[in-house]
Amino acid sequence: MSATDSSIALTKAAALAAADKLAQDIVAIDVSERLAITDIFLVASASNERQVNAIVDAVEDALMLLDRKPKRREGRREGRWVLLDYGDIVVHIQHEEDRVFYALERLYNESPIIDLGLDASASGAAAR
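Description of the structure in this document. All figures in this text were calculated on a predicted structure; none of them were measured in a lab.

### Re unusual backbone geometry
Then, in step 1: Of note, the phi angle at Asp25 is positive, near 50°, even though the residue is not glycine.
Then, in step 2: Locating Asp25 in the fold gives a position in strand β1 (residues 24–30).

### Some thoughts on the nonpolar core
Then, in step 1: Among the nonpolar cores identified, the biggest contains 30 residues, and Ile26, Leu42, Val59, Tyr86 and Val91 are the most heavily contacted of them.
Then, in step 2: Of the residues forming this core, the biggest block, 7 residues, is contributed by helix α2 (residues 49–64).
Then, in step 3: Every residue in contact with Val59, bar those within four places of it in the chain, is listed here: Ala14, Ala17, Ala18, Leu84, Tyr86 and Val91.
Then, in step 4: By size, the runner-up hydrophobic cluster in this structure holds 9 residues, among which are Val31, Leu83, Val90 and Leu104.

### Some words on the pattern of salt bridges
Then, in step 1: In total, this model carries 10 salt bridges according to the counting rule given.
Then, in step 2: For Arg80, the salt bridge identified is with Glu49, shortest N-O distance 2.9 Å. With Arg80 in the loop between β3 (72–74) and β4 (81–85) and Glu49 in helix α2, this residue pair connects regions lying 31 residues apart in the sequence.
Then, in step 3: Judged by its relative accessible area of 23%, Arg80 is partly exposed.
Then, in step 4: For the salt bridge of Glu74 with Arg72, the shortest nitrogen-to-oxygen distance reads 2.7 Å.
Then, in step 5: According to the relative accessible area criterion, Arg72 is partly exposed, its value standing at 41%.
Then, in step 6: Linked by salt bridges that have partners in common, Glu49, Arg80, Glu97 and Asp98 make up one network.

Cut-off values and rules
- Residues numbered from 1 in each chain as written.
- Predicted model: local features only at pLDDT ≥ 70, side-chain atom pairs only at ≥ 80, totals over all residues.
- Heavy atoms only, no water.
- Helix = DSSP H or I, 4+ residues; strand = E, 2+ residues; numbered from the N terminus.
- Core = buried A, V, L, I, M, F, W, Y, C linked by side-chain atoms within 4.5 Å.
- Buried < 20%, exposed > 50% of the residue type's maximum accessible area, 1.4 Å probe, protein only.
- Contact = heavy atoms within 4.5 Å.
- Salt bridge = Lys/Arg side-chain N within 4 Å of Asp/Glu carboxyl O.

Geometric values such as these leave the question of function open.
Listed below in structure tokens is the structure:
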């Protein structure tokens, strides 16, 4: 089973909000075949903690307009790796150093990448 249309639409809205705040290497990974708890991991990075938090704010604001609030939020205080759990999607906004170290994309490298329709400078799908 692959990610639902509603999960993909929600992911695209979150990715667009992240891109508007200059998030880097935005990648959506369809993890629905491997995880029962969610359909999609959206991963993006930023060069500093302040920008991580700005991206988080933008994603939360954009999804709030769609009447979606995170079920769980972790890492906000540190601003290094913030996780926003919306149930059907999980958004990971990471400091670029943490993203390289933890390499979520490598853990799920056999999972399909979702085309977000972002320009090449924001999307990191080609880098995978």
